[in-house]
Amino acid sequence: MMFPYLLRRILHALLILLGAFTFSFILLQVMPGDAITVKFQDPDLGLTPQQIAEIRLSYGADGSRVAQYFHTLTGMLRGDFGYSVQQGVPVSTLLRTTLPVTLRLAAFSFVVAILEAMAIAFLATALPFAFLRRMLAALPGFLGAIPVFWFGIALIQFLSFKLRLVPVVGAGPYEAMILPTLAISLPIGAPLAQVLLGNLDEIAARPFVAVVRTKGAGALWTLFHHVAPNAILPFLTISGLVFGELLAGAVVTETIFGLNGIGQLTQQAVAGQDVAVLQAVVMISAAAYVLINLTIDLVYPLFDPRIHLQGRTMS
């Protein structure tokens, strides 16, 4: 029964991607001005209106919106993301340089955020001292209120400039990920910890847990074998939704730490109204978001055997 479910989920994901492409294409096309206007209508270049019109024609900017839509869509299906007017190179060339940086940052931050959330939630539930449990339970609210840009600057000042633990300048590709990963993962791990902690408390108050405890099971055994498996599914769902915040936070974080990733590329494309680059970034972000949520859907049955892959739940 897995194949029909998987096929439905893939078709659903493709429809979401098509919707994201269509919506973003419309929004980008209705923006006033374009990259050609921003770059070539500078009086210092000395270009005549006829020359600018020829440039627009060469880029296909004067074609109908419908023709541009299908041209862009079919190009992306072939792996051709178009041409960056501002940078003067194919968009795929820019992505080959910037995408690995953002993928490393997103992957590290996502894993660290999940580990942080699980550590806070389980310690706030299992520690023997009530005041420590209360402190840990209040920690996610504090971390979630910290702006990413402020936290990133504070990390640079404290860990790099003051303690000299992590270099900012001249760091290797993975060493340079330490501070940005902390800057993104802590604020993002906070809502995950809140959700998991709330679910643990809710499950722990159910009657079957009391029955398990009366049979002689210890607190930790009950927590990890009975409470946690029943509390993990909402945590997984929120984890997939929070992944979008990683991509949004990359714009700010990469700017603060000087990383040449998708965030920096997006900032430059917005400033230059480089539609081809922005369209590619939107679709890559949407594809990553859909893929992570599809993966979470497929691992649900591993945590709860009552869930069938055909989308039904046993009573």
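Residues numbered from 1 in each chain as written. Predicted model: local features only at pLDDT ≥ 70, side-chain atom pairs only at ≥ 80, totals over all residues. Heavy atoms only, no water.

**Regarding the packing of aromatic side chains**
Taken as a whole and assessed by the stated rule, the structure comprises six aromatic pairs. Both rings, one in F129 and one in F131, keep their centres 6.2 Å apart while their planes meet at 45 degrees; by these two values the pair is tilted. Members of the aromatic cluster, each reached through a chain of ring pairs, are F21, F25, Y69 and F70. (Phe/Tyr/Trp six-rings, centres within 6.5 Å; stacked < 30°, edge-to-face > 60°.)

**Some details on the UniProt feature "transmembrane region" (unreviewed entry) in the protein**
What UniProt calls "transmembrane region" (unreviewed entry) maps, in this numbering, to residues 105-129, 136-156, 176-197, 242-263 and 275-296. In residues 105-129, helix accounts for 88% and strand for 0%; the two terminal C-alpha atoms are 36 Å from one another. Taken as a whole, residues 275-296 contains 100% helix and 0% strand, while its terminal C-alpha atoms sit 32 Å from one another. (UniProt positions renumbered as here; feature names shortened; annotations may be inferred. Helix = DSSP H or I, 4+ residues; strand = E, 2+ residues; numbered from the N terminus.)

**Comments concerning the packing of helix α7 (residues 148-162) against helix α8 (residues 178-204)**
With their axes 9 Å apart at the nearest point, α7 and α8 run at an angle of 135 degrees to one another. The orientation of α7 relative to α8 falls into the category oblique. Judged by the twist between their axes, the crossing of α7 over α8 is right-handed. Taking contact as the criterion, the partners of V148, F151, G152, L155, I156, L159 and S160 in α7 are, on α8, L179, L182, A183, L186 and P187. Looking at the contact of α7 with α8 residue by residue, the class counts come to ten nonpolar, two polar and no charged. (Axes fitted to C-alpha atoms, helices over the stretch in contact; angles between N-to-C directions. Parallel < 35°, antiparallel > 145°, perpendicular 65-115°, else oblique. Left-handed = near helix turned anticlockwise from the far one by under 90°. Contact = heavy atoms within 4.5 Å. Nonpolar A, V, L, I, M, F, W, Y, C, P; charged D, E, K, R; others polar.)

**Regarding the packing of helix α5 (residues 91-126) against α8**
One can describe the packing of α5 onto α8 by two numbers: an axis separation of 7 Å at closest approach and a directional angle of 40 degrees. If you check the angle between α5 and α8, you find them oblique. Classified by chirality, the crossing of α8 by α5 is right-handed. Residues belonging to the contact of α5 with α8 are distributed by class as follows: 20 nonpolar, five polar and two charged.

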